[in-house]
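# Structural overview for review
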Amino acid sequence: MKRVVVGLSGGVDSSVAAYLLKEQGYEVIGLFMKNWHDDTVTISNECPWLEDSNDALLVAEKLGIPFQTVDLSEQYKEKIVDYMFSEYEKGRTPNPDVLCNREIKFDVFMKIALSLGADYVATGHYCRKGIIEKDGSQIYQLLAGIDGNKDQSYFLCQLSQEQLSKALFPIGELTKPQVREIASKLDLITAEKRDSQGLCFIGKVRLPEFLQQKLQPKEGLIYEINGSNEIYNQPKPTFNSLEGQLQFDAKPISYSPENGKVVGKHQGAHYFTIGQRKGLNVGGTKEALFIISTDIETNAIYTGQGHNHPGLFRNVLKVNNDEVHWIREDLTLKNGETLEVKARIRYRQELQKATLYQFESGLYVSFEQPQSAITEGQFVAWNIDDELVGSGVIS
């Protein structure tokens with residue numbers, strides 16, 4: 001009988017995942033990951049992890065499976081929180097959820113599970129795993145979940161073949177309403193529970209306040225750039241190579257104060273991200289202001305009116321070679337090779353037609369349609385049909 005350790009988070013998805021595995025005849029162990037207990041940065045007195053671990057325990061009891069809690073807060077702090085601070089300081093916007101899956105759930109947590117004699121680790125993610133044979137060896141595929149609304153394969157875009165080989169995703173074939181229905185029938189305490197929001201496991205933390213603990217506030221100016229500014233109508237140079245053109249197109253416009261007018265003040269460019277609209281506290285404009293650029297060096301924020309502002313759009317992005325990750329290692333591009341894919345630059349975005357170009361200088365993702373708010377530090381992931389085959393950090 002194969003043994004599976006399920007990451008029970010105290011939510012409905014992992015509860016139902018545990019139930020399904022038990023039904024399928026696995027020996028199931030529930031494990032709750034405690035990843036955070038610095039009470040100085042949780043906002044309210046609600047202590048979400050206590051409530052969550054309690055719910056997870058009740059679910060395990062109801063399903064009749066052994067349960068324990070593991071404290072991963074040291075590793076979480078080191079691998080996720082410290083990484084987030086250093087990324088924000090560089091002016092990049094990290095994605096803690098993608099990292100948490102790569103570094104915590106399918107690494108630290110997986111190692112604990114395997115040490116308990118588990119054959120697999122299961123999570124309540126809405127995605128599926130496929131297995132194909134190629135040249136006599138097995139290759140694991142990361143496939144989209146059936147529920148188009150909830151497909152979470154994007155969050156697992158950094159997993160390796162090794163990690164996938166030991167992973168199970170029991171609810172990938174179900175839709176969210178079906179999952180809730182199973183939980184109600186079983187009378188699980190988590191059946192009606194709202195989906196958790198916020199950082200993977202930190203609980204109800206407001207990001208700016210969380211960051212302000214480490215990153216000192218530093219007052220700077222907010223500039224508005226007019227959409228008809230000549231900076232958007234520069235003639236394009238001529239290029240003698242495709243690589244040169246892609247390099248040019250992938251480079252964000254760099255703004256200077258002369259390009260715009262001062263419309264307000266902020267408390268630190270490192271707290272803000274491209275495409276952000278909330279938290280600027282600048283009124284009196286016809287359309288909402290969106291951040292089109294942040295400059296950490298000069299501590300300036302550049303904004304434009306409306307979500308169609310030309311400063312928000314680009315159709316090429318670059319991934320540095322050391323940040324390119326292929327789940328399907330067999331599909332890795334060699335220098336000079338290209339691949340037609342469908343890609344997304346954020347969770348829940350519709351997949352977009354794009355072409356990958358691999359060069360010595362890096363991997364370029366060229367989209368058919370210009371994309372809004374391409375953000376440094378976030379992940380771009382690319383698919384072939386419903387299979388997520390690779391990803392990388394936007395540079």
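Report follows, based on the coordinates. (Residues numbered from 1 in each chain as written. Predicted model: local features only at pLDDT ≥ 70, side-chain atom pairs only at ≥ 80, totals over all residues. Heavy atoms only, no water.)

### So, the packing of helix 1 (residues 12-23) against helix 6 (residues 176-185)
Short version of the rule: Throughout, an axis means a line fitted to C-alpha atoms (over the contacting stretch in the case of helices), and angles, computed between N-to-C directions, take values from 0 to 180 degrees. Only DSSP runs of H or I reaching four residues or more are called helices, and only runs of E reaching two or more are called strands; each is numbered from the N terminus. Roughly parallel here means an angle under 35 degrees, roughly antiparallel means over 145, roughly perpendicular means 65 to 115, and every remaining angle is called oblique. Working rule for handedness: look at the near helix, and if it is turned counterclockwise from the far one by less than a right angle, call the crossing left-handed; if clockwise, right-handed. We call two residues in contact whenever any of their non-hydrogen atoms come within 4.5 Å of each other.
Orientation of helix 1 relative to helix 6, taken along the N-to-C sense of each, is 70°, at an axis distance of 9 Å. Regarding the angle of helix 1 to helix 6, the classification is roughly perpendicular. Relative to helix 6, helix 1 is oriented so that their crossing is left-handed. Note on element contacts: helix 6 touches helix 1 through K176, V179, R180, I182 and A183, opposite V12, D13, V16, Y19 and L20.

### Points about the pairing of strand 1 (residues 3-7)
Filter applied, for reference: Exposed residues in this analysis have more than 50% of their type's maximum accessible area, buried residues have under 20%, and partly exposed residues fall in between, with area computed by a 1.4 Å probe over protein chains only. In this analysis, strands are considered paired if DSSP registers two or more bridges between them.
Among the 5 residues that make up strand 1, 4 are buried, leaving the element largely enclosed by the rest of the structure. As judged from the 3 bridges shared by strand 1 and strand 4 (residues 120-122), these two strands associate in the parallel manner. Bridge pairing links V4 to Y120 in strand 4.

### Let's talk about unusual backbone geometry
As a rule of thumb, non-glycine residues mostly have phi less than zero, and peptide bonds are mostly trans rather than cis. At D187, a position not held by glycine, the phi torsion is positive, near 60°. Considering the arrangement of structural elements, one finds D187 in the loop between helix 6 and helix 7 (207-212). Residue classification places D187 among the exposed positions, given a relative accessible area of 55%.

### Let's talk about the layout of surface pockets
Over the atoms a probe the size of a water molecule is rolled, and this reveals where empty space is left. Quick note on the threshold: Cavities and pockets were defined on a 1 Å grid built from protein atoms only: a cavity is a group of points that admits a 1.4 Å probe but offers it no way out, a pocket is an open group of points flanked by protein on both sides within 12 Å along at least five of seven lines, and a lining residue is one with an atom within 4 Å of any such point. Grid points are joined across faces, edges and corners, and a volume is the space filled by probe spheres set on the points. Each residue gets one label: Ala, Val, Leu, Ile, Met, Phe, Trp, Tyr, Cys and Pro are nonpolar, Asp, Glu, Lys and Arg are charged, and the others, such as Gly, are polar.
If you add up the space inside the second largest pocket, you get close to 1,200 Å³. Taken together, 43 residues form the lining of the second largest pocket, with A250, K251, P252, I253 and R314 sitting closest to its centre. Listing elements by their share of the lining of the second largest pocket, those giving two or more residues are helix 8 (242-250), strand 10 (289-295), strand 12 (313-319) and strand 16 (362-372). When the residues that make up the lining of the second largest pocket are grouped by side-chain class, the tally is 21 nonpolar, 14 polar and 8 charged.

### What about the packing of aromatic side chains?
Cut-off, in case you're wondering: Paired rings are identified among Phe, Tyr and Trp, the last through its six-membered ring, by centres lying within 6.5 Å, and are further divided according to the angle between planes into stacked (under 30 degrees), edge-to-face (over 60) and tilted (the rest).
Scanning the entire structure with this criterion turns up 10 aromatic pairs. Measuring from centroid to centroid gives 6.4 Å for Y26 and Y120, while their planes differ by 85°, and the two rings are edge-to-face. With Y26 in the loop between helix 1 and strand 2 (27-34) and Y120 in strand 4, the pair connects residues that are 94 residues apart, well separated along the chain. Seen in terms of ring centroids, F239 and F248 are 5.3 Å apart; in terms of plane orientation they differ by 50°. Their pairing is tilted.

Take it as geometry only, folks, not as evidence of what the structure does.
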